[in-house]
Number of protein chains: 2
Amino acid sequence: MCRVPQGRTDRDGCRDRRVSSQVSDWDIVELDGIKRLRRVFSVDNFAQALEFTKKVGELAEEEMHHPALLTEWGRTTVTWWTHKIKGLHRNDFIMAAKTDELYQR
Amino acid sequence: MCRVPQGRTDRDGCRDRRVSSQVSDWDIVELDGIKRLRRVFSVDNFAQALEFTKKVGELAEEEMHHPALLTEWGRTTVTWWTHKIKGLHRNDFIMAAKTDELYQR
């Protein structure tokens, strides 16, 4: 549970910490000067990696927010960032959490 | 047309040059000490990039030879190499040519 510190009424910081803690399997990496969220999802073979790429790609289309998806034998690497601000937005953390949900299904 | 030089009977070099010339849009890049064939395929949006990734992925499954496929908004980057020899085999050039054919359809 996230508590708002005494004397603060803004719950945004609290909500942001909750979002971050929900995507603890993700790394924050910096590529071309842009911070991004990245996680490698391990699977059993190429077909499963391609299937997971499709699922995340379809989610991306629904949400109109697009990651980089690297499909290889036995893994898909997903990277989220926000092009417009050239960095990380709260929405990227939400998309990361949704990607985790797809993986758990 | 590729001619075998006078005095040579081996046609392999000739055939290899033909294969290489057919994939002139590809770059040979070295990553982690391994030479690979790489080409960026430009498309109009994320959905088209995902669709092309699916097509190349299905080709890879049919041929039992697997590339790295990077899907991003407006492009798919395809990389072929042969894991077993940690480098490029003639089969990689053939797969590159087949990838080009999928793109042209």
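All values derive from a computational prediction rather than experimental measurement.

1. Here's the deal with the pattern of salt bridges
Here is step 1: With the rule as written, the count across this model stands at 11 salt bridges over all chains.
Here is step 2: The salt bridge involving Lys54 of chain A is made with Glu51 of chain A; its shortest N-O contact spans 3.8 Å. Here Lys54 of chain A and its partner Glu51 of chain A are both found in helix H2 (residues 46-63), 3 residues apart, which amounts to about one turn of the helix.
Here is step 3: Take Glu51 of chain A: its relative accessible area is 38%, and that puts it in the partly exposed class.
Here is step 4: Two residues, Arg39 of chain B and Asp25 of chain B, come together in a salt bridge whose shortest N-O distance is 3.6 Å. You can see Arg39 of chain B sitting in strand S2 (residues 34-42) and its partner Asp25 of chain B sitting in the loop between helix H1 (12-22) and strand S1 (27-31), a full 14 residues away along the chain.

2. Some words on the side chain of Thr71 of chain B
Here is step 1: With respect to the helices, strands and loops of the structure, Thr71 of chain B is situated in strand S3 (residues 68-72).
Here is step 2: Side chain to side chain, Thr71 of chain B and Thr53 of chain B meet in a polar contact 2.7 Å long.

3. Some thoughts on the pairing of strand S4 (residues 75-80) of chain B
All names here are of chain B.
Here is step 1: Most of S4 sits inside the fold, with 5 of its 6 residues counted as buried.
Here is step 2: Sheet analysis places S2 next to S4, joined by 6 bridges and oriented antiparallel. Paired with Val40 across the two strands is Thr77, which belongs to S4.
Here is step 3: Direction of pairing for S3 relative to S4: antiparallel, over a ladder of 5 bridges. Residue Ala68 lies in a different strand from S4, and its bridge partner there is Thr79.
Here is step 4: In textbook terms, the turn of a hairpin is the stretch between consecutive antiparallel strands, and for S3 and S4 this stretch comprises 2 residues, one of which, Gly74, has a positive phi near 85 degrees.

4. What about the packing of aromatic side chains?
Here is step 1: Tallying each qualifying case throughout the model produces 8 aromatic pairs over all chains.
Here is step 2: Summarising the aromatic geometry, the rings of Phe41 of chain B and Tyr103 of chain B are spaced 4.9 Å apart at their centres and angled 65 degrees between planes, so their arrangement reads as edge-to-face. You can see Phe41 of chain B sitting in strand S2 and its partner Tyr103 of chain B sitting in helix H3 (residues 90-104), a full 62 residues away along the chain.
Here is step 3: An aromatic cluster is defined as three or more aromatic residues linked by ring pairs; in this entry it consists of Trp26, Phe41, Phe52 and Tyr103 of chain A.

So, how was this worked out
- Residues numbered from 1 in each chain as written.
- Chains lettered and ligands numbered in written order.
- Predicted model: local features only at pLDDT ≥ 70, side-chain atom pairs only at ≥ 80, totals over all residues.
- Heavy atoms only, no water.
- Salt bridge = Lys/Arg side-chain N within 4 Å of Asp/Glu carboxyl O.
- Helix = DSSP H or I, 4+ residues; strand = E, 2+ residues; numbered from the N terminus.
- Buried < 20%, exposed > 50% of the residue type's maximum accessible area, 1.4 Å probe, protein only.
- Polar contact = N/O pair within 3.5 Å; in protein donor to acceptor, adjacent residues only side chain to side chain.
- Pairing = 2+ DSSP bridges.
- Phe/Tyr/Trp six-rings, centres within 6.5 Å; stacked < 30°, edge-to-face > 60°.

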